[in-house]
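Observations on the model geometry
Chain by chain, the residues run as shown.
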Amino acid sequence: MTNSTKRSIKRLSVAILIIGGLTLAYAYWQMISQLWLNNFIYPITWNPEMRGWQIFILSGRFIGITLLYVLSWVFIHRTLRGLEDGDFFPKSNVALIRWAALVAALLAFVHSNYDAVVKGESELMLDSNTILIPLIVLLFAGLYKMAYLAAKDSKLAI
């Protein structure tokens, strides 16, 4: 792989992490504002009957977006380290992508219930994204594993 391609991959990785960091900061700011600032557009309405559900959804969103961002950092770090070592598809990233699918399922479920929880309504929503998004991520994990095996086979052939 040429140096210009490696530089392009590094720049794209940095851009992805910056955009992800800004998204993470916005989500944190939104949640903190909803919880503790009364002048926010949609402050949270606490419902005593479903306070546990509200806490579960709010903490699920906080933990989910944080985990997804950390998994992105680890994936990019392993990929860039692999490029330096000549390993284009590190095997350890396959398990990481599968964990990301699990976190994506949690985030999709939380996202579909977040607005109702903020308004204090007691309804459980389950939409198609809760199933579809993790399946797509698992598909990419399978494709990544196939690319890893093809790269490994190519190395053995040489």
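Read on for an overview of the structure. (Residues numbered from 1 in each chain as written. Predicted model: local features only at pLDDT ≥ 70, side-chain atom pairs only at ≥ 80, totals over all residues. Heavy atoms only, no water.)

**Section: the overall build of the chain**
- Across its full length, the chain carries 4 helices and 0 strands.
- If you list the helices and strands of the chain from N to C, you get α-α-α-α.
- For the chain, whose C-alpha radius of gyration is 20 Å, the value lies well above the compact-globule estimate of 15 Å for 158 residues.
- Over its C-alpha atoms, taken along the principal directions, the chain stretches across nearly 65 × 30 × 20 Å.
- Across the 158 residues that make up the chain, the buried fraction comes to 34%.
- Accessible surface for the chain amounts to roughly 10300 Å². Of this, 69% is attributable to carbon and sulfur atoms. (Helix = DSSP H or I, 4+ residues; strand = E, 2+ residues; numbered from the N terminus. Rg over C-alpha atoms; globule rule 2.2 N^0.38 Å. Buried < 20%, exposed > 50% of the residue type's maximum accessible area, 1.4 Å probe, protein only. Areas by Shrake-Rupley, 256 points an atom, 1.4 Å probe, with all protein chains shown as cover.)

**Details of the environment of Phe 56**
- With respect to the element layout, Phe 56 can be found in helix α2 (residues 51–85).
- Relative accessible area serves as the criterion here: at 41%, Phe 56 is assigned to the partly exposed category.
- Separated by 54 residues in sequence, Phe 56 and Val 110 have C-alpha atoms that sit 8.9 Å apart.

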